[in-house]
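Close look at the chain arrangement
Single-letter residue listing:
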Amino acid sequence: HLCPSITVECGQSGTPEGVKAAIALVDAVLLRDDFVGNRMPFDPARIDRALLTIAAPASVGISPIGGLVEPVPREDDDGLLVRCNQGPEDRIVHVPISPGLYRDVRVGDAHRVAPCVTVLFEGPGVIAMDGDRELRLDAGDTARLTVERTGPRVIEVEAALAAAAAEGLFG
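Residues numbered from 1 in each chain as written. Predicted model: local features only at pLDDT ≥ 70, side-chain atom pairs only at ≥ 80, totals over all residues. Heavy atoms only, no water.

With 19 residues, the main nonpolar core has Val8, Leu51, Phe121, Ile127 and Leu145 as its most contacted residues. Elements supplying a minimum of two residues to this core: β1 (5–11), β2 (19–24), β3 (27–31), β8 (119–122), β9 (125–129), β10 (132–137) and β11 (142–148). Judged by nonpolar contacts, the second largest core, of 18 residues, contains Leu31, Val93, Val107 and Ala128. (Core = buried A, V, L, I, M, F, W, Y, C linked by side-chain atoms within 4.5 Å. Buried < 20%, exposed > 50% of the residue type's maximum accessible area, 1.4 Å probe, protein only. Helix = DSSP H or I, 4+ residues; strand = E, 2+ residues; numbered from the N terminus.)

Written out as structure tokens, the structure is:
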């Protein structure tokens, strides 16, 4: 089956080529006060919002930020928009950002986003997709993000191996 993905399109000021596009498979995160190429450890205070195709409480990274608030399994067509660092009413969520490393993340709200509905990320900031900081948004720049089920095909490894074993293909 096709896995969900996030299409990111942004027109950047001063860019003669116009629109830049990218695809994320799990998450697209708008970070404030960050820069493209930053490989420093995750700082939850920089997260403005995240659009997720998978919000899994048992995973690591950005996905459990949504998963610990409103889980969205891989099979769902909807995405989840999570807004962080909104104000004093934020909920504190203790999130596993990598194996054995937890950080407190301030979650303002989270709500489902139907397929093909456009979500706007506005600059200034950096959009990190699947963990890599890739697109810089200057002040006045806007990125349009949509969740679609147009990502790469996914092979269910356990089911494929079980079917091959049942057919006697391993010897």
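Moving on, there is more to tell.
Let's shift gears to the pairing of β3. Within a regular strand, side chains alternate between the sheet's two faces. Burial analysis of β3 places 5 of its 5 residues in the buried class, the great majority of the element. Both faces of β3 are covered, namely the face carrying Asp27, Val29 and Leu31 and the face carrying Ala28 and Leu30. For β3 and strand β4 (residues 47–52), the ladder comprises 5 bridges, and the chain directions are antiparallel. Looking at β4, one finds that Leu31 is bridged to Ile47. (Pairing = 2+ DSSP bridges.)

On to the pairing of β1. Of all 7 residues in β1, 5 are buried; the element is thus mostly enclosed. Bridge count for β1 against β11 is 7 bridges, and the pairing is antiparallel. When the sheet's bridge partners are listed, Thr7 is paired in β11 with Thr146.

Right, let's get into the environment of Ser63. Here Ser63 shows up in helix α1 (residues 63–67). When its relative accessible area of 5% is taken as the criterion, Ser63 is described as buried. Taking C-alpha positions, Ser63 is 6.7 Å from Leu52, a pair spaced 11 residues apart along the chain. Those residues in contact with Ser63 that lie beyond four places of it in its chain are Val26, Leu52, Ile54, Ala55 and Ala56. (Contact = heavy atoms within 4.5 Å.)

Glancing now at the side chain of Asp27. If you trace the backbone, Asp27 turns up in strand β3. Exposure remark for Asp27: the relative accessible area of 8% places this residue in the buried category. Discounting chain neighbours no more than four positions away, the residues touching Asp27 are Ile6, Leu51, Leu52, Ile62, Ala128, Met129, Asp130 and Gly131.

This part covers the environment of Ala28. By the secondary structure assignment, Ala28 is in strand β3. Between the C-alpha atoms of Ala28 and Ser5, which are 23 residues apart in sequence, the distance is 9.8 Å. With sequence-adjacent residues up to four places away left out, Ala28 is seen in contact with Ile6, Val8, Arg49, Ala50, Leu51, Phe121, Ile127, Ala128, Met129 and Leu145.

The next point concerns unusual backbone geometry. Peptide bonds are, in most cases, trans, and in most cases residues other than glycine have a negative phi. A cis amide bond links Gly123 to the next residue, Pro124, at an omega of 10 degrees. With respect to the helices, strands and loops of the structure, Pro124 is situated in the loop between β8 and β9. A positive phi angle, close to 50 degrees, is found at Asp130, a residue other than glycine. Relative to the elements of secondary structure, Asp130 occurs in the loop between β9 and β10.

Moving on, we get to the pattern of salt bridges. Going through the model one piece at a time under the given rule, you end up with 10 salt bridges. A salt bridge links Asp138 to Arg136, with the nearest nitrogen and oxygen atoms 2.3 Å apart. Asp138 gets classed as partly exposed once you look at its relative accessible area, which sits at 25%. Here the salt bridges do not stand alone but share partners, grouping Glu70, Asp76, Asp78 and Arg112 into one network. (Salt bridge = Lys/Arg side-chain N within 4 Å of Asp/Glu carboxyl O.)

Shape descriptors only; they carry no functional weight alone.
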